[in-house]
Amino acid sequence: RNRDFASLRLTLPTLVAAGNISMSIVPAVVPEGFTRAQMSVSVMVDVTQQTPRVISVQTTEVLDSGAQIVRVELADVTPLSDIAKITVLVDGVAATVTQILYSDESGTAILVSVPPHAPGFGKMSVNIEGVATAGEGI
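Everything quoted here is computed from the prediction, not taken from an experiment. (Residues numbered from 1 in each chain as written. Predicted model: local features only at pLDDT ≥ 70, side-chain atom pairs only at ≥ 80, totals over all residues. Heavy atoms only, no water.)

Student: So what's going on with the overall build of the chain? Which residues, and what values?
Tutor: The helix and strand tally for the chain stands at 1 helix and 10 strands. Starting at the N terminus, the α and β elements of the chain follow one another as β-α-β-β-β-β-β-β-β-β-β. Across the 138 residues that make up the chain, the buried fraction comes to 25%. In the chain, the share of contacts with a sequence separation of at least 24, taken over all contacts with a separation of at least 6, comes to 50%. For the chain, the accessible area works out to roughly 9300 Å², and carbon and sulfur atoms hold 52% of it. (Helix = DSSP H or I, 4+ residues; strand = E, 2+ residues; numbered from the N terminus. Buried < 20%, exposed > 50% of the residue type's maximum accessible area, 1.4 Å probe, protein only. Contact = heavy atoms within 4.5 Å. Areas by Shrake-Rupley, 256 points an atom, 1.4 Å probe, with all protein chains shown as cover.)

Spelled out as structure tokens, the structure:
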């Protein structure tokens, strides 16, 4: 009789390239009468990489220079703690990520200083560790 007696959740700490990862699972304790080799299993894990999504962009402050401070909320992002891993472009011009407000399993929110640009909507692209979002209007 086959019974599920264990489950495994694999959380990768950083973004990895999509594809397959080969791994072996060896139990620390085995039932009496079995060897570790008999209880071990090798598996292929299919890794897919979701594209980060911008879910909201909100201006929080307009500076005298015409620059704006905007709050950007993202989904489908591996939790981040390093601002250097995030780049933001508005109409192809670099903006500056000034702060990660939060980044966990529920999502990520960042503050971005956007340089002055032409009146109207601009197209924003957020790039996280080499994976770019689709453009969003601000």
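Now that the structure is up, let's keep going.
Student: Just give me the short version of the side chain of T108, but keep the residues and values in it.
Tutor: Position of T108 among the secondary structure elements: in strand β7 (residues 107-114). Reaching out from T108, the side chain makes a polar contact with the side chain of S103 at a distance of 2.8 Å. What T108 contacts, discounting residues up to four positions off in sequence, is V72, E73, L74, V77, Y102 and S103. (Polar contact = N/O pair within 3.5 Å; in protein donor to acceptor, adjacent residues only side chain to side chain.)

Student: Quick rundown of the pairing of strand β5 (residues 86-90)? Include the residues and the values.
Tutor: Residues I86, V88 and V90 line the buried face of β5, whereas the alternating positions T87 and L89 sit on a face that is not buried. Relative to strand β8 (residues 123-128), β5 runs antiparallel, the two sharing 5 bridges. What sits directly across from V88, in β8, is V126. Of the strand pairs in this sheet, β5 and strand β6 (residues 93-104) are connected by 3 bridges, and their pairing is antiparallel. (Pairing = 2+ DSSP bridges.)

Student: An account of unusual backbone geometry is needed here, citing residue identities and associated values.
Tutor: Although it is not a glycine, D76 sits at a positive phi angle of roughly 60°. Mapped onto the fold, D76 is located in the loop between β4 (68-75) and β5. Since its relative accessible area comes to 31%, D76 is described here as partly exposed.

Student: Would you mind going over the side chain of S103 in detail, with residue names and values included?
Tutor: Here S103 lies in strand β6. What makes S103 buried here is its relative accessible area of 19%. A distance of 2.7 Å separates a polar side-chain atom of S103 from the backbone nitrogen of L80. For S103, the contacting residues outside a window of four places in its chain are T78, P79, L80 and T108.

Student: Report on the environment of Q68, specifying residues and quantitative values.
Tutor: Within the secondary structure layout, Q68 lies in strand β4. Remark: the alpha-carbon pair of Q68 and A95, spanning 27 residues in sequence, is separated by 9.9 Å. Contacts of Q68, omitting those with residues within four sequence positions, involve T59, E61, V62, V112, S113, V114 and H117. At 2.9 Å, the side chain of Q68 and the side chain of T59 are in polar contact.

Student: Which residues make up the pattern of salt bridges, and what are the values?
Tutor: Scanning the entire structure with this criterion turns up 2 salt bridges. Across the pair R53 and D76 runs a salt bridge whose closest N-O atoms are separated by 2.8 Å. Placement of R53 in strand β3 (residues 53-62) and of D76 in the loop between β4 and β5 is noted, with a sequence separation of 23 residues between them. Classification of R53 by relative accessible area gives partly exposed; the value is 43%. Between E73 and R71 there is a salt bridge; the shortest N-O distance is 3.0 Å. (Salt bridge = Lys/Arg side-chain N within 4 Å of Asp/Glu carboxyl O.)

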